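# Observations on chain architecture
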Amino acid sequence: MNARSYIVLSKAKPGQKLAEAVTDQHGMVLLPAGATLTVNHLQHLQDHGVSILSIQTPAKAVTADPQQLTHRLNHLFSTAGNSEAAMQLRLAIQHYRSQS
């Protein structure tokens, strides 16, 4: 069974598989979950301002550090606004991810 870890784009390597789809700031899918990264994919993602990727890792892998998690959540919630519901959801996700 595969787990996932969040890495900065500069640490990604061709041959790694995405655990989650990568989207741009408008929600458009740039690469689907399960895609195997290539050099061209990495350049394309950099051109679109992507900075964090969710990569498939063996189940025993260490989870992302808190700074990477915060950066990923900032990206995911960048268009969610400041509603109470969005803030509560973000906090719940951050708490859940930090426990695993």
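Before any of the text, the structure's been laid out above.
Description of the structure in this document. Predicted model, so just to flag it, every value in this text is computed and none were measured. (Residues numbered from 1 in each chain as written. Predicted model: local features only at pLDDT ≥ 70, side-chain atom pairs only at ≥ 80, totals over all residues. Heavy atoms only, no water.)

## A word on the overall build of the chain
Note the cut-off: Secondary structure counts use DSSP, requiring at least four H or I residues in a row for a helix and at least two E residues in a row for a strand, with both numbered from the N terminus. Radius of gyration: over C-alpha atoms. The globule rule applied is 2.2 Å multiplied by the number of residues raised to the 0.38 power. Exposure categories follow from relative accessible area, calculated using a 1.4 Å probe and restricted to protein chains: below 20% of the type maximum is buried, above 50% is exposed, and the middle band is partly exposed. Exposure was quantified through the Shrake-Rupley algorithm and a 1.4 Å probe, taking into account, for residues, occlusion by the shown protein chains and nothing else. For the purpose of counting charges, residues Lys and Arg are taken to be positive, whereas Asp and Glu are taken to be negative. His and the chain ends are not included. Charge placement uses NZ in Lys and CZ in Arg. For Asp and Glu, CG and CD serve respectively.
Along the backbone of the chain there are three helices and four strands. In the chain, the succession of α and β elements from N to C terminus is β-β-β-α-β-α-α. Relative to the globule expectation of 13 Å for 100 residues, the C-alpha radius of gyration of the chain, 14 Å, shows essentially globular dimensions. For the chain, the spread of C-alpha atoms along the three principal axes comes to 40 × 30 × 20 Å. In the chain, which comprises 100 residues, the proportion classed as buried is 29%. Total accessible area computed for the chain in this model is approximately 6,600 Å², and 56% of it derives from carbon and sulfur atoms. In the chain, 8 side chains carry a positive charge and 5 a negative one; their mean positions are 12 Å apart.

## Some words on the environment of isoleucine 55
Applicable threshold: Any two residues having at least one pair of non-hydrogen atoms within 4.5 Å are treated as being in contact.
Structurally, the position occupied by isoleucine 55 is in strand β4 (residues 52-58). Look at isoleucine 55 and you get buried, because its relative accessible area is 3%. In this structure, the C-alpha to C-alpha distance between isoleucine 55 and alanine 35, residues 20 residues apart in sequence, is 9.8 Å. The residues contacting isoleucine 55, other than those within four sequence positions of it, are Ala3, Arg4, Ser5, Ile7, Gln16, Lys17, Leu18, Ala19 and Leu37.

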